[in-house]
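Read off the chains here:
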Amino acid sequence: MLVVGAGINGASVFRELALHGFDAVLVDRGDFACGTTAGPSRMIHAGLRYLEFGEKTLVSEGVHERNLLLVNCPHYIFPLPTTIPFQSRFDGFWGVIRKTFGLSPGKRAKRRGAWMIKIGLRMYDRFSDHNRQMPEHHFTSRAEAFKRRPGLHGDTIGTATYYDGWISYPERLCMEVITDAETTCETARALNYVSAKSSQGNTVTLRDEISGQDIQVRPKAVVNAAGAWIDFANENLGHPSKLIAGTKGAHLVLDNDELLKALDGEMLFYETPEGRAVVALPWLGKPLIGSTDIHVNDPDTARCDEDEIDYMIGCVAHLLPDVKIDRSQILSTFSGVRPLMAKPAETTGQMSRSHFTNISEPPEAANFPVFSLVGGKWTPFRAFGEQAMDKLLAHFNKPRKLCTESIPIGGGKDFPRTDLDRTKWIENLSGATGLEADRIEVLLGRYGTGARQVAEFCTAGEDKPLANHATYTAREIEFIIRNERVLHLDDLLLRRTAIALLGELSGELLDELLAIFAGLGELSDDQAAAERKRTVDILHDRHRIDLS
Ligand SMILES: Cc1cc2nc3c(=O)[nH]c(=O)nc-3n(C[C@H](O)[C@H](O)[C@H](O)COP(=O)(O)OP(=O)(O)OC[C@H]3O[C@@H](n4cnc5c(N)ncnc54)[C@H](O)[C@@H]3O)c2cc1C
């Protein structure tokens, strides 16, 4: 089995294949999780607003998966109280009532009033009835809402708060799904920087993007999990398709204490008159705002443009007029392209977020089928992987052996769940390694229970903080490079850590990390200089991070 694309959905099917004992290879033309998987708004959610478009199945599945993730990945996924300020009581309500009675809902409401939000939240809560992890929603009066957030827009007449999740390290979690798969099954192997380049007959040519070498494989079936690039990859595989209509979305990570304070540990959710949802949430101590929704033909060109910055800042200004955001406070930007199914809709916001597996039987030129994973959000990756696997099992006439619903992922295994267990876990590891409890706490946040291996590695040498970063040590960076298949410096800065996006990277830190990377990889001076240039270019071009 060949899986093309090591984003979260490719990783999910790869894990299913490994758990079922298939010989499987997972390849990505870039680093693991370098595509849209690294570009979400960092919400683990089912998309409350999709209820309005009748996507009940998608939303109930998302809520179920969100609740499972809170249990299976407690190291990276956390409850996120989400507050919606509203400006009217009845806007949109009559449309919902008409729809319920099978009548035309009429024109789509420009704003959602309290009653419409109430109906949506009641449904959203009900989807959790069988595996609830968080409290139900509640409403807050205008007076209470302003007491907590005096800066809210004056036309706010109240707020509604419900619970979703947020993810600290989506890229690391994707990598953990992959690593778990490899640990489970010795015939399952994942390779970053290897692309599916072309095919002939029953043979697919893979290209090692680092050495330039070609490798030929003869898969019994191919899973195309190339996200927004699915049609491009299908072309290479000899199965031309037109499955995807991608829309790009951008985000800003800010250094703005006023906004962080106004968020007060919650996500604020705001819908523009044209029906776009804009969110602002705290992410690893910084306010994150997003996103936009714009058609793109070539996903490789997606960047956060000037007008997207204006738009997002403008939305926050509407929500919280007193909070001033200056462009100089932008620490980084990031964009992704939603791999949405090609199906007409009035606006990009109304394009379906649901997913399905498209099976393309072998045309004359090739004799392997291609299973393309079309659509999908981050949150339901486990369910999507399982559904795709069911199709593969049916194709190969094999039974399902197990279900992934209750399998913890990576550093979520044996994670201490109560405050008391957490303290004990930290004390134990601190006693065993001699590292301070504070340091173990940081490692637990970064690696979950995988912190044990990191701590043991760190104490086998001198665990000294980097000269230019207070909470990473040289040993920890060495651990990541040696054990987490860091092939380029940007893998380390953007996907194994959040150093770059959080605005923690200076030229000096870049050089310090480069020295460790170059030393371990035995790079010549020229190679190290080329690596530095590549990193600086990527950070500038894709994330608006400027380093000398
Ligand atoms: C702005 C935005 C905000 C979002 N916010 C959220 C959110 O908050 N919560 C949520 O649940 N979802 C969110 N999503 C959706 C979610 O991020 C995506 O649906 C999900 O990440 C898609 O993952 P994927 O694995 O299908 O695709 P990708 O992560 O894009 O993976 C595809 C991979 O295929 C590789 N590839 C392409 N061509 C080839 C080839 N020829 N050979 C080898 N490899 C190849 C690429 O390099 C890439 O790594 C958001 C999306 C966007 C754009």
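Residues numbered from 1 in each chain as written. Predicted model: local features only at pLDDT ≥ 70, side-chain atom pairs only at ≥ 80, totals over all residues. Heavy atoms only, no water.

Asker: Got a minute to help me understand the pattern of salt bridges in this structure?
Answerer: Close approach of charged atoms allows side chains with opposite charge to pair. Evaluated as defined, the whole model comprises 43 salt bridges. With its nearest N and O atoms 3.0 Å apart, the salt bridge here joins Arg-534 to Asp-490. With a gap of 44 residues between them, Arg-534 in helix H17 (residues 525-543) and Asp-490 in helix H15 (residues 489-496) connect regions that are remote in the sequence. Notably, a salt bridge pairs Asp-491 with Arg-495, separated by 2.9 Å at the nearest N-O pair. Of the two residues, Asp-491 and Arg-495 are both situated in helix H15; the distance of 4 residues between them amounts to about one turn of the helix. The residues Asp-491 and Arg-495 share a single accessibility class, namely buried. Each member of the salt-bridge network shares a partner with another, and the members are Asp-31, Asp-490, Asp-491, Arg-495, Arg-496 and Arg-534. (Salt bridge = Lys/Arg side-chain N within 4 Å of Asp/Glu carboxyl O. Helix = DSSP H or I, 4+ residues; strand = E, 2+ residues; numbered from the N terminus. Buried < 20%, exposed > 50% of the residue type's maximum accessible area, 1.4 Å probe, protein only.)

Asker: Looking at this structure, I do not really get the site of the ligand. What am I missing?
Answerer: The full set close to the ligand counts 36 residues, and Asp-28, Thr-37, Met-43, Gly-376 and Thr-379 are the nearest of them. Residue Asp-28 places a side-chain N or O atom 2.6 Å away from an oxygen atom belonging to the ligand. At a separation of 3.0 Å, a nitrogen atom of the ligand approaches a polar backbone atom of Arg-29. With the chains in place, 97% of the 1,000 Å² that the ligand exposes on its own is no longer accessible. Breaking the shell around the ligand down by element, the ones donating at least two residues are helix H1 (8-19), strand E8 (194-200), strand E12 (247-254) and strand E17 (330-338). Taken together, the residues of the shell around the ligand break down into 14 nonpolar, 17 polar and 5 charged. (Near = heavy atom within 4 Å. Polar contact = N/O pair within 3.5 Å; in protein donor to acceptor, adjacent residues only side chain to side chain. Areas by Shrake-Rupley, 256 points an atom, 1.4 Å probe, with all protein chains shown as cover. Nonpolar A, V, L, I, M, F, W, Y, C, P; charged D, E, K, R; others polar.)

Asker: When you look at H17 in this model, what are you seeing that I'm missing?
Answerer: Since the α-helix packs 3.6 residues into each turn, any two residues three or four apart lie on the same face. Between its terminal C-alpha atoms H17 stretches 26 Å, which fits the 27 Å expected from 19 residues at 1.5 Å a residue. Within H17, burial applies to Ala-528, Glu-531, Arg-532, Thr-535, Val-536, Ile-538, Leu-539 and His-543. Taken down its axis, H17 places every buried residue within 160 degrees of arc, on the same side. Exposed and oriented more than 90 degrees from the buried face of H17 are Asp-526 and Lys-533. Contact partners of the buried residues in H17: E17, H15 and helix H16 (507-521). Where H17 ends, the next residue or the one after it, Arg-544, has phi of about 55 degrees, a positive value. (Expected span 1.5 Å × (residues − 1). Arc of directions from axis to C-beta. Contact = heavy atoms within 4.5 Å.)

Asker: When you look at the pairing of strand E19 (residues 370-375) in this model, what are you seeing that I'm missing?
Answerer: On any regular strand, side chains alternate: one points to one face of the sheet, the next to the other face. Among the 6 residues in E19, 6 count as buried, and that is most of the element. Alignment of strand E11 (residues 222-224) against E19, held across 3 bridges, turns out to be parallel. Across the sheet, the residue bridging to Val-223 is Phe-371, located in E19. Taken together, the 6 bridges between strand E18 (residues 355-360) and E19 define a ladder with antiparallel strand orientation. When the bridges of E19 are listed, His-355 appears paired with Gly-375. (Pairing = 2+ DSSP bridges.)

Asker: Whenever I open this one, the environment of Arg-544 confuses me. Can you help?
Answerer: Here Arg-544 lies in the segment after H17. With a relative accessible area of 31%, Arg-544 lands in the partly exposed category. Along the backbone, Arg-544 and Arg-303 are 241 residues apart, and their C-alpha atoms lie at a distance of 9.3 Å. Of note is the side chain of Arg-544, whose polar atom sits 3.0 Å from the backbone oxygen of Cys-304.

Asker: What is the right way to read the packing of H15 against H16 from this model?
Answerer: In a pair of packed helices, the angle between the axes and the distance between the axes together describe the arrangement. Running from N to C, H15 and H16 point in directions that differ by 120 degrees, and their axes come no closer than 9 Å. As summarised for this structure, H15 and H16 are arranged oblique, according to the angle between their axes. Two packed elements cross with a definite hand, and for H15 against H16 that hand is right-handed. Counted together, Leu-489, Leu-492 and Leu-493 of H15 and Leu-510, Leu-513, Leu-514 and Phe-517 of H16 form the full contact between these two elements. The class makeup of the residues in the contact of H15 with H16 is 7 nonpolar, no polar and no charged. (Axes fitted to C-alpha atoms, helices over the stretch in contact; angles between N-to-C directions. Parallel < 35°, antiparallel > 145°, perpendicular 65-115°, else oblique. Left-handed = near helix turned anticlockwise from the far one by under 90°.)

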